[in-house]
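A closer look at the structure
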Amino acid sequence: SSPEYFRQFNSATVLLLPGLSSDGRDRILVAGSKVSQRVSCSNFGREAINGAKVSWDVVIQGHVRARGTFKARIPQGAVTPIGRVQFAVPALSHPGEMKLRVSIDGTKVHNEWTFYCFPERWSRAKLASASAPQPVLEKLQPLYPALKPMKQQPDSGDLLITQRLDEGALAY
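Attention in this report is confined to the structure presented alongside it. Every chain is numbered independently, its residues counted from 1 as its sequence is written. Local features in this predicted model are restricted to residues of pLDDT 70 or higher, and side-chain atom pairs are both shown and tallied only at a pLDDT of 80 or more, whereas totals for entire chains, interfaces and linings draw on every residue. Where side-chain values are given, they derive from all heavy atoms of the structure, hydrogens and water being excluded.

What about the side chain of Gln37?
Our working definition: Each helix corresponds to a stretch of at least 4 residues labelled H or I by DSSP, and each strand to a stretch of at least 2 residues labelled E; elements are numbered beginning at the N terminus. In this analysis, two residues are considered to be in contact whenever any of their non-hydrogen atoms come within 4.5 Å of each other.
Within the fold, Gln37 resides in strand 3 (residues 34-43). Excluding residues that lie within four positions of it along the chain, Gln37 makes contacts with Leu17, Gly19, Leu20, Gly83, Arg84 and Val85.

This is how it looks when you write it as structure tokens:
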């Protein structure tokens, strides 16, 4: 890691997202979901930053997908809430990494956070050419409406979902 990387979070003045959970659950996002993160600034530099213009952008696979700015007064010697970043996760065709970058214009103060984005969840899971024995079918069919009862003679490429690897499953 470079000194520039460490300066993002280990300097006299640092931008923070204090609302992020320590377990990382809120870094997994789905297309269409709303993101609202409070931005704070830890300013233990030599002076206050009055009339600061704070810029932010959201980058997915090298493309800026959202951006914004807000004004802030950043006192010296404190950790202060300075604004909020709000956006909707854009539509995606496949999973991707997303960076939220925040900076104070006219300074070297900036920070970025990594999130992981996924396409919109299916309202009903799709499963083709799959079957299951009756007890399994009863439990899974509400989630997989296309799931069929287990056949005596499976077609080539059929999938069997079962609880046990018994003689019937092996024969299938």
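A short note on the sheet that holds strand 3
Rule in force here: Between any two strands, at least two bridges found by DSSP are needed for them to pair. A fitted line through C-alpha atoms serves as each axis, taken over the contacting stretch for helices, and the angle formed by two N-to-C directions is quoted from 0 to 180°.
The three strands are arranged 1-3-6 in an open sheet whose pairing can be described as antiparallel. With partners counted over all chains shown, the strands left at the sheet margins are strand 1 (13-16) and strand 6 (78-88), one partner each. Across the sheet, the mean angle separating the axes of adjacent strands is 20° when strand polarity is ignored. The pairing of strand 3 with strand 6 spans 10 bridges and is antiparallel. Bridging from a neighbouring strand, Gln37 pairs with Val85 of strand 6.

A few points about the packing of aromatic side chains
The geometry of two aromatic rings is summed up by the distance between their centres and the angle between their planes. In plain terms, the rule: Pairing of aromatic rings covers Phe, Tyr and Trp, the last counted by its six-membered ring, and requires centre-to-centre distances within 6.5 Å; plane angles under 30 degrees mean stacked, over 60 mean edge-to-face, and any other angle means tilted. The buried label applies to any residue whose accessible area, calculated with a 1.4 Å probe on protein chains only, is under 20% of its type's maximum; exposed applies above 50%, and partly exposed to all values in between. Any Lys NZ or Arg CZ found within 6 Å of a ring centre and within 35 degrees of that ring's normal is scored as a charge over the ring.
Tallied over the full model, the rule gives four aromatic pairs. Between Tyr5 and Phe6, the aromatic rings sit 5.5 Å apart at their centres with planes inclined by 75°, giving edge-to-face as the arrangement. Look at Tyr5 and you get partly exposed, because its relative accessible area is 42%. Among the aromatic residues, those joined into a cluster by ring pairs are Tyr5, Phe6 and Phe9. Cation over ring: Arg27 sits above Phe115, and NZ or CZ is 5.8 Å from the ring centre.

What to know about the sheet that holds strand 9 (residues 130-132)
Strands sit in the order 10-9-11 across an open sheet of three strands; the sheet is parallel. What marks the edges here is a single partner per strand, and that holds for strand 10 (148-149) and strand 11 (159-160). In the sheet, strand 9 pairs with strand 10 via two bridges, with the strands oriented parallel. Pairing of Ser131 across the sheet is with Lys148, part of strand 10.

Comments concerning a nonpolar patch on the surface
In plain terms, the rule: Residues enter patches when their relative accessible area tops 30% and they take part in no salt bridge; the joining distance is 9 Å for like charges and 5 Å for the nonpolar side chains Val, Leu, Ile, Met, Phe, Trp and Tyr. Computed with a 1.4 Å probe, the accessible areas rest on the Shrake-Rupley method; for each residue, only the protein chains presented here act as cover. Any Lys or Arg side-chain nitrogen located within 4 Å of an Asp or Glu carboxyl oxygen qualifies as a salt bridge.
The grouping of Tyr5, Phe6 and Phe9 at the surface amounts to a nonpolar patch, some 300 Å² of accessible area in total. Relative to the elements of secondary structure, Tyr5 occurs in helix 1 (residues 3-7).

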